[in-house]
Amino acid sequence: MKNPNKDGFFGNYGGMFVPDTLMPALAALTQCYEGIQDDSAFIAELEYYLHHFVGRPTPLYYAQNLSKQCNQKIYLKREDLNHTGAHKINNTLGQILLAKKMGKTRIIAETGAGQHGVATATVCALMGMQCNIYMGASDIERQSLNVKRMKLMGASVSSVTSGSKTLKDATTEAIRDWMKHVENTHYIIGSALGPHPYPLMVRNFQSIISKEAKEQIIDQSGSLPDIVMACIGGGSNALGMFYHFLDDKTVRLLGVEAAGEGLSSNQHAASLSKGKPGILHGSLNSVLQDENGQIQLAHSISAGLDYPGVGPELCHLKETGRLEAYAVTDKQALQGCKQLAELEGIIAALETSHALALLSDDAILKKNQTIILCLSGRGDKDMETIANHV
Amino acid sequence: MSNVLEKAFKEKALIAYVTLGDPSLEDTIQYCKALIDAGINIIEIGLPFSDPIADGPVIQASHQTALETGEDVSVKSGLTLIKTLNEYAPEIPVLIMAATNLIMQFGYEAFFKQAEEVGCSGLIMPDCSIEMIHSINQDKPSASVPLINLVSPLCNKERLRKIVTQSQGFIYLLSSTGITGEREAFSAELSQFVNDIKQIKDIPVAIGFGISQESHCKKLSKFADGLIVGSHFVKLMQDTSTVKEGIDAVCNRVKQFKAVL
């Protein structure tokens, strides 16, 4: 089952756990989204911008030095080469065209590391829409460069000082804003999270990653890969990378979460591996929480993985055994980042570096496998963190 | 529908929202008793949640305060409070308002069973749409504790019918979420909305969100069966230096509001 049921459930996960105020907006969004499925003008416009503005298709690059080092055949899907430096723009572009179609004039978004915020501010500048980004006060401090980028493109950035002052609080604040201004505002959620239809919609906008990669790998290697892997925060790059391989049962799908300081430390963000079913930000998913249902703080060196929940479709794929979920620590991720930089001359985002770190685990991967790894973003934004640790 | 709830709506009901454990569990008990003494008709106990998407900043801060005390502010503790209040004033219905996740983790079946035992008059899950309640209802053995649904004025006729038909207890109608000026303009529409609800089913309608003035109470009570006051009371408690002063300030407001209903 690839699509959720009418209430937005992928198996046992998903749904629309939101206040009644938002239900009409979600219904309108669902209707508009269904409407564009065979709207050739919409599809053509999206393709136009993806090609000319974003720079798609992104290369599938055979990383020969890394392959040699790891005794694997490793192909990197270069989402880091997209305009704005990450996969996030695939989704923001799709959603802003939808917002335009629905006649909305104002866009809001949440952001953690600032990548989704930048991708949103970018498309808002492109389409001449008013843009307000919610960002935790701690993240604003940690990611000041991205804040400057957003502001330069005309977005306003609201500092969120409630709770842990990070992504989860920024998300809560964005949902509240949406409830207040739902009539003229569209909320661009950055990951395959939130109430239906967001997880479906974000996945589909991101699925261009695997659509291209599948053609590219067959073209370059003559066959399907043995393994497709990606890092997992909320799950947007992972689902985009997995989607067109879901039915290819010989292809192993590997997701890599952030183990932070270790899975037994309570300082991690491994919602799939360590969470339990719960309701957070509009959907039932695998949530890091205490025994009373209070949401726990996640921890990861990479701000983009620092979230206590995970997309409902990934929860379903894990539960049904289609997805294998692993977790690597902050330290391992830094090592993965360093290795790629030294061997291939590519500085990956710390999020992506979690997937890279798993490449040296022969027990999990086995030798001589053909692997596609989603290089979801570039690491410029993380240079300070990397410099402090490596 | 629970009998006490039905009786409470025999007159225009004033409903107060109280966060469990803000600033302490003992204070919450004293505060609720004082509200009852001041003439409140219904009490809604809000269970603190780390990430309340349906509440505004004032109530979120209150949740945060309660969570930070380190006291037990779980579902179980909420049910214990209801038992205490029921012993104090069995005629005053006490409701629980909680994020769906809190009830889910406690267990829906366990919740309804224990809620009935302590005499809880209803459950409000503000982040649970009617479509989702349907999936929960399958676990719910009896209708002894009503699930109270929220309706926003943006709700279309078809959905309104669905919600009202399935509703028990009363309908929790949201005023607007905008600023005060907008709210004044809203009331004409709200009265029509209440009419629409009553046409579908004869069920009490209580209006909540942003009620803070006698003028609001006067205006809205012309067509609503009850008024719910949340942030305004929570803020009064936050703005006073001692709990006692806060309780006095709120009880004073309760009397003023009741006088114009």
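Residues numbered from 1 in each chain as written. Chains lettered and ligands numbered in written order. Predicted model: local features only at pLDDT ≥ 70, side-chain atom pairs only at ≥ 80, totals over all residues.

Looking at the overall build of chain A
From N to C terminus, chain A includes 17 helices and 14 strands. The C-alpha radius of gyration computed for chain A amounts to 19 Å, which stays within 12% of the reference 21 Å derived for 390 residues, consistent with globular compactness. Within chain A, the proportion of its 390 residues that are buried is 61%. Of all intrachain contacts in chain A linking residues separated by at least 6 positions in sequence, the fraction that spans at least 24 positions is 73%. (Helix = DSSP H or I, 4+ residues; strand = E, 2+ residues; numbered from the N terminus. Rg over C-alpha atoms; globule rule 2.2 N^0.38 Å. Buried ≥ 20, exposed ≤ 12 C-beta atoms within 10 Å, placed from the backbone. Contact = placed C-beta atoms within 7 Å.)

What to know about the domain arrangement of chain A
All names here are of chain A. When its domains are assigned, chain A resolves into domain 1 (17-48 + 88-202) and domain 2 (55-86 + 203-389). Of note, the centres of domain 1 and domain 2, computed from C-alpha atoms alone, are 22 Å apart. Listed per partner, the contact involves 35 residues of domain 1 and 33 residues of domain 2. For the side of domain 1 that touches domain 2, the elements supplying multiple residues, two or more each, are helix 4 (88-101), helix 5 (115-127), helix 6 (137-142), helix 7 (144-152), helix 8 (167-181) and helix 9 (198-206). With five residues, the top contributor of residues to the side of domain 1 that touches domain 2 is helix 4. (Domains from an automatic or database assignment.)

Side note on the interface of chain B and chain A
Interfaces are frequently sized by the accessible area removed from exposure as the parts join. Taken together, the contacts link 29 residues of chain B with 26 residues of chain A. A total of five residues in the side of chain B that touches chain A trace back to one element, the largest contributor, which is helix 5 (residues 100-106) of chain B.

Digging into the pairing of strand 12 (residues 283-287) of chain A
Successive residues of a regular strand alternate their side chains across the two faces of the sheet. All names here are of chain A. Summarising burial for strand 12: five of the five residues are buried, a large majority. In the sheet, strand 11 (residues 276-280) pairs with strand 12 via five bridges, with the strands oriented antiparallel. Looking at the pairing, K276 lines up with V287 of strand 12. Adjacent in sequence and paired antiparallel, strand 11 and strand 12 are bridged by two residues, among which H281 carries a positive phi angle near 50°. (Pairing = 2+ DSSP bridges.)

Points about the packing of helix 2 (residues 25-38) of chain B against helix 12 (residues 243-260) of chain B
Residues and elements named next belong to chain B. The N-to-C vectors of helix 2 and helix 12 enclose an angle of 25°; their axes lie 9 Å apart at closest approach. Taken together, helix 2 and helix 12 sit at an angle that is classed as roughly parallel. Considering only the axes of helix 2 and helix 12, their crossing is right-handed. Every residue of helix 12 that contacts helix 2 at D27, Q30, Y31, A34, L35 and A38 is listed here: V243, I247, C251, V254 and K255. Among the residues forming the contact of helix 2 with helix 12, the class breakdown is eight nonpolar, one polar and two charged. (Axes fitted to C-alpha atoms, helices over the stretch in contact; angles between N-to-C directions. Parallel < 35°, antiparallel > 145°, perpendicular 65-115°, else oblique. Left-handed = near helix turned anticlockwise from the far one by under 90°. Nonpolar A, V, L, I, M, F, W, Y, C, P; charged D, E, K, R; others polar.)

Comments concerning the packing of helix 2 of chain B against helix 4 (residues 75-88) of chain B
Residue and element names in this part refer to chain B. It is the contact of helix 2 with helix 4, at a shortest axis distance of 11 Å, that shows an interaxial angle of 35°. Between helix 2 and helix 4 the crossing geometry is right-handed. Of the residues in helix 4, those touching helix 2 at L25, T28, I29, C32, K33 and I36 are S77, L81, T84, L85 and Y88. Tallied by class, residues from the contact of helix 2 with helix 4 come to seven nonpolar, three polar and one charged.

As for the sheet that holds strand 9 (residues 226-229) of chain B
Residues and elements named next belong to chain B. If you walk across this open sheet you meet the nine strands as 5-4-3-2-1-9-8-7-6, and the pairing is parallel. Of all the strands in the sheet, the pair left with one neighbour each is strand 5 (147-148) and strand 6 (150-151). Taken together, the four bridges between strand 2 (residues 42-46) and strand 3 (residues 94-97) define a ladder with parallel strand orientation. In the sheet register, I43 faces strand 3, and the bridge partner there is V94.

Digging into the nonpolar core
Counting residues in hydrophobic clusters, the biggest one holds 213 residues, and the most contacted among them are A16, I43, I45, A206 and L227 of chain B. Considering every element that reaches this core, the biggest residue donor is strand 1 (residues 13-19) of chain B, with six residues. Looking at which domains feed residues into this core, each of domain 1 (17-48 + 88-202) and domain 2 (55-86 + 203-389) of chain A supplies at least three. Setting aside anything within four residues of it in sequence, one finds A206 of chain B in contact with A13, I15, F170, Y172, L173, A224, D225, G226, L227 and I228 of chain B. (Core = buried A, V, L, I, M, F, W, Y, C linked by C-beta atoms within 7 Å.)

Some details on unusual backbone geometry
The omega torsion of the bond from R56 of chain A to P57 of chain A falls at 0°, within 30 degrees of zero and hence cis. Looking at the secondary structure, you find P57 of chain A in the loop between helix 2 (40-54) and strand 3 (60-62). The linkage connecting D22 of chain B with the following residue, P23 of chain B, adopts the cis geometry, with an omega of 0°. Within the fold, P23 of chain B resides in the loop between strand 1 and helix 2.

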